[in-house]
Amino acid sequence: MNSKVALVTGASRGLGKSMALKLADAGIKVIINYNSNHEKAETIVRDIKDSGGEAVAISANVTSEDDVKKLVASSREAFGQPIDILVNNATGPQPELSLEDVTWEDYLDQLNFTVKASLLLAKEVIPAMKENQWGRIINIGSEVVELGNPEFSNYVTAKSAVVGMTRSWANELGKHNITVNAVHPGFIPVERHGEVTEDSASSYIEGVPLKRLGKPEDVASMVRFLASDEADFVTGQNINVNGGKTFGV
Ligand SMILES: NC(=O)c1ccc[n+]([C@@H]2O[C@H](COP(=O)([O-])OP(=O)(O)OC[C@H]3O[C@@H](n4cnc5c(N)ncnc54)[C@H](OP(=O)(O)O)[C@@H]3O)[C@@H](O)[C@H]2O)c1
């Protein structure tokens with residue numbers, strides 16, 4: 001995979017950081033996109049370079065059309081070649097809201113990441129992928145699509161869109177040898193979750209056949225597989241990485 005370039009959105013922390021590290025470890029040149037966390041993004045770049053890999057950090061708000069255009073142009077400049085692998089991972093705050101409190105704006109806030117940003121980015125990277133007759137788009141969804149968590153319909157609805165969008169894009173882009181898949185993580189504690197109490201961890205784990213919480217690396221390994229040539233004949237799939245808590249849509 002040495003000749004490939006991957007863009008991971010929202011890679012300054014959480015699951016995105018782990019994806020960036022795993023892809024770099026496979027020899028892929030990685031663009032670490034972030035919103036505001038410059039220092040964290042640069043630390044990941046340094047870590048990758050220290051391990052002999054190649055990476056650059058580029059700040060961009062992926063929900064802005066202008067920013068997305070600049071992000072893709074700067075990525076091309078950074079490595080002198082277009083993006084081969086796009087991982088739509090970035091997310092903003094995810095407030096849990098009852099139907100009484102949630103507004104259309106709250107729905108749009110989530111759709112801006114799951115649908116708008118993914119669409120803007122795909123439109124920018126697809127032309128070069130078609131030209132090269134090789135491409136990978138990996139959308140990050142969530143197991144909430146199957147769980148239907150209450151008082152979280154803003155997020156559940158937006159993540160549900162990832163399922164159909166992935167299938168439609170896969171059907172449309174297959175003839176160009178571009179695969180499109182979605183990875184749906186389970187609950188995986190990252191910085192933004194703060195301290196996870198033993199009670200809440202064990203009540204979640206109760207419904208997990210593999211009897212543990214997931215780690216960012218569990219998701220990153222699936223992303224790396226889907227990005228690789230090993231996954232050449234896999235497209236349009238919605239793959240859960242959640243220890244078997246749900247069985248697929
Ligand atoms: N962790 C879980 O339990 C879990 C479970 C299921 C699904 N997921 C999904 O997995 C993905 C990653 O989640 P996470 O928990 O790792 O999130 P996270 O730790 O909150 O990280 C979010 C990332 O997105 C970036 N970001 C925020 N707003 C942005 C914007 N407007 N433009 C570009 N980047 C932006 C952040 O950059 P800054 O650092 O600069 O703010 C950060 O790098 C999301 O799609 C999430 O829905 C997570």
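Just so we're clear, the structure is a prediction, and the values are computed from it rather than from any experiment. (Residues numbered from 1 in each chain as written. Predicted model: local features only at pLDDT ≥ 70, side-chain atom pairs only at ≥ 80, totals over all residues. Heavy atoms only, no water.)

Novice: Which residues make up the side chain of Lys29, and what values do they have?
Specialist: Topologically, Lys29 is positioned in strand E2 (residues 29-34). For the buried residue Lys29, which engages in no salt bridge, the nearest side chain bearing the opposite charge is Glu54, 4.7 Å off. Once residues lying within four places of it in the same chain are set aside, the contact partners of Lys29 are Asn2, Ser3, Lys4, Val5, Ala6, Glu54, Phe79 and Gln81. (Helix = DSSP H or I, 4+ residues; strand = E, 2+ residues; numbered from the N terminus. Buried < 20%, exposed > 50% of the residue type's maximum accessible area, 1.4 Å probe, protein only. Lys, Arg positive; Asp, Glu negative; His and termini not counted. Salt bridge = Lys/Arg side-chain N within 4 Å of Asp/Glu carboxyl O. Contact = heavy atoms within 4.5 Å.)

Novice: Which residues make up the layout of surface pockets, and what are the values?
Specialist: Approximately 1100 Å³ is the volume attributed to the largest pocket. Forming the walls of the largest pocket are 43 residues, and the residues nearest its centre are Thr91, Gln94, Tyr155, Arg192 and His193. At 3 residues, the largest contribution of residues to the lining of the largest pocket is made by helix H1 (residues 14-25). Among the residues making up the lining of the largest pocket, the classes are represented as 20 nonpolar, 18 polar and 5 charged. (1 Å grid on protein atoms, 1.4 Å probe; cavity = no way out; pocket = protein on both sides within 12 Å on 5 of 7 lines; lining within 4 Å. Points joined across faces, edges and corners; volume = space filled by probe spheres on them. Nonpolar A, V, L, I, M, F, W, Y, C, P; charged D, E, K, R; others polar.)

Novice: Which residues make up the site of the ligand, and what values do they have?
Specialist: Around the ligand there are 31 residues in total, and Ser12, Leu15, Ser36, Tyr155 and Arg192 lie nearest to it. Tyr155 has a polar side-chain atom sitting 2.6 Å from an oxygen atom of the ligand. Relative to its unbound accessible surface of 910 Å², the ligand loses 95% to contact with the protein. The residue makeup of the shell around the ligand, split by class, is 13 nonpolar, 15 polar and 3 charged. (Near = heavy atom within 4 Å. Polar contact = N/O pair within 3.5 Å; in protein donor to acceptor, adjacent residues only side chain to side chain. Areas by Shrake-Rupley, 256 points an atom, 1.4 Å probe, with all protein chains shown as cover.)

Novice: How would you summarise the environment of Leu119 if you had to cite specific residues and measurements?
Specialist: The topology assignment puts Leu119 in helix H4 (residues 104-132). Distance from Leu119 to His193, taken between C-alpha atoms, is 28 Å for residues 74 residues apart in sequence.

Novice: So, the packing of aromatic side chains: which residues are in play, and what are the values?
Specialist: Going through the model one piece at a time under the given rule, you end up with 3 aromatic pairs. Between Phe187 and Tyr204, the ring centres sit 5.6 Å apart and the planes meet at 75 degrees, which makes this aromatic pair edge-to-face. Separated by 17 residues along the polypeptide, Phe187 in the loop between strand E6 (178-185) and helix H7 (198-205) and Tyr204 in helix H7 bring together distant segments of the chain. When its relative accessible area of 13% is taken as the criterion, Tyr204 is described as buried. Over the ring of Trp134 we find Lys4; its NZ or CZ atom is 4.1 Å from the centre of that ring. (Phe/Tyr/Trp six-rings, centres within 6.5 Å; stacked < 30°, edge-to-face > 60°. Lys NZ or Arg CZ within 6 Å of the ring centre and 35° of its normal.)

Novice: Lay out H4 with the relevant residues and their values.
Specialist: Here H4 contains 29 residues, and its C-alpha end-to-end distance of 40 Å stays within 8% of the 42 Å for a straight helix at 1.5 Å per residue. At Asn112, H4 is deflected by roughly 50 degrees, the largest bend along its length. The positive-phi residue at the C-terminal boundary of H4 is Gln133, with phi of around 50 degrees. (Expected span 1.5 Å × (residues − 1). Bend = angle between axes of the 7 residues up to and from the residue.)

Novice: Lay out unusual backbone geometry with the relevant residues and their values.
Specialist: For Gln133, which is not glycine, the phi dihedral falls at a positive 50 degrees. Within the secondary structure, Gln133 is located in the loop between H4 and strand E5 (135-140). Residue class for Gln133 comes out partly exposed when judged on its relative accessible area of 38%. Although it is not a glycine, Lys211 sits at a positive phi angle of roughly 55 degrees.

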